[in-house]
Amino acid sequence: MSEIQIVGRRQKLRRMEVLRAADKEERTREWFEGKIPEKDVNKEDRGQATRDLLDLGLLEKDSLFPRPRHPNPYCLTAQGRAFLKDVVMKIGKGNGIDWKRVREIEFPTPERPLPAEDT
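Now for a description of the structure that goes with this document. (Residues numbered from 1 in each chain as written. Predicted model: local features only at pLDDT ≥ 70, side-chain atom pairs only at ≥ 80, totals over all residues. Heavy atoms only, no water.)

### A closer look at helix 1 (residues 9–24)
Consideration 1: The terminal C-alpha atoms of helix 1 lie 22 Å apart, and with 16 residues this matches the ideal 22 Å at 1.5 Å per residue to within 8%.
Consideration 2: Taken as a whole, helix 1 has its buried residues at Lys12, Arg14, Arg15, Met16, Val18, Leu19, Arg20, Ala21 and Ala22.
Consideration 3: Positive backbone phi, approximately 50°, marks Glu25, located one or two places after helix 1. (Helix = DSSP H or I, 4+ residues; strand = E, 2+ residues; numbered from the N terminus. Expected span 1.5 Å × (residues − 1). Buried < 20%, exposed > 50% of the residue type's maximum accessible area, 1.4 Å probe, protein only.)

### As for the nonpolar core
Consideration 1: Grouped together as the largest cluster of nonpolar side chains are 22 residues, with contacts concentrated most on Met16, Leu19, Phe83, Ile105 and Phe107.
Consideration 2: Elements that contribute at least two residues to this core include exactly helix 1, helix 2 (29–32), helix 3 (43–56), strand 2 (74–76) and helix 4 (78–91).
Consideration 3: Element by element, the count of residues in this core is highest for helix 1, at 5 residues.
Consideration 4: Excluding residues that lie within four positions of it along the chain, Phe83 makes contacts with Met16, Leu19, Leu58, Ile105, Glu106, Phe107, Pro108 and Leu114. (Core = buried A, V, L, I, M, F, W, Y, C linked by side-chain atoms within 4.5 Å. Contact = heavy atoms within 4.5 Å.)

### With respect to the packing of helix 1 against helix 4
Consideration 1: Packing of helix 1 against helix 4 leaves a shortest axis separation of 11 Å and a crossing angle of 115°. Comparing the axis directions of helix 1 and helix 4 gives the class roughly perpendicular. For the element pair helix 1 and helix 4, the recorded crossing hand is left-handed. Residues Met16, Leu19, Arg20 and Asp23 of helix 1 lie in contact with helix 4, whose contacting residues are Phe83, Leu84 and Val87.
Consideration 2: Class assignment of the residues belonging to the contact of helix 1 with helix 4 gives a composition of 5 nonpolar, no polar and 2 charged. (Axes fitted to C-alpha atoms, helices over the stretch in contact; angles between N-to-C directions. Parallel < 35°, antiparallel > 145°, perpendicular 65-115°, else oblique. Left-handed = near helix turned anticlockwise from the far one by under 90°. Nonpolar A, V, L, I, M, F, W, Y, C, P; charged D, E, K, R; others polar.)

Quick look at the structure:
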């Protein structure tokens with residue numbers, strides 16, 4: 001397994017942070033892309049997490065952004081929604097995620113892609 005395919009705990013935290021933000025539609029384009037002007041030690045990690053999730057097919061750019069009815073620049077794909085739902089079912093805690101169990105999250109890789117959607 002190459003270094004690129006190994007997803008560490010910090011990467012998993014950032015990816016989950018981005019997935020949940022896209023699900024809740026609560027962040028700006030700059031936040032997702034790691035380009036916020038404030039001092040945020042995680043902004044580069046967050047930008048990389050957003051790019052990774054786009055590449056994995058869990059996240060997509062909203063083509064209707066920035067129209068009023070589409071205020072969120074990124075949204076979950078159907079696979080992204082299913083992945084997030086699965087993670088919450090496995091390591092959920094109330095309305096959130098038990099962050100102590102983040103190591104149990106298995107993101108897809110080229111060798112282990114997401115299952116195909118049933119149509």
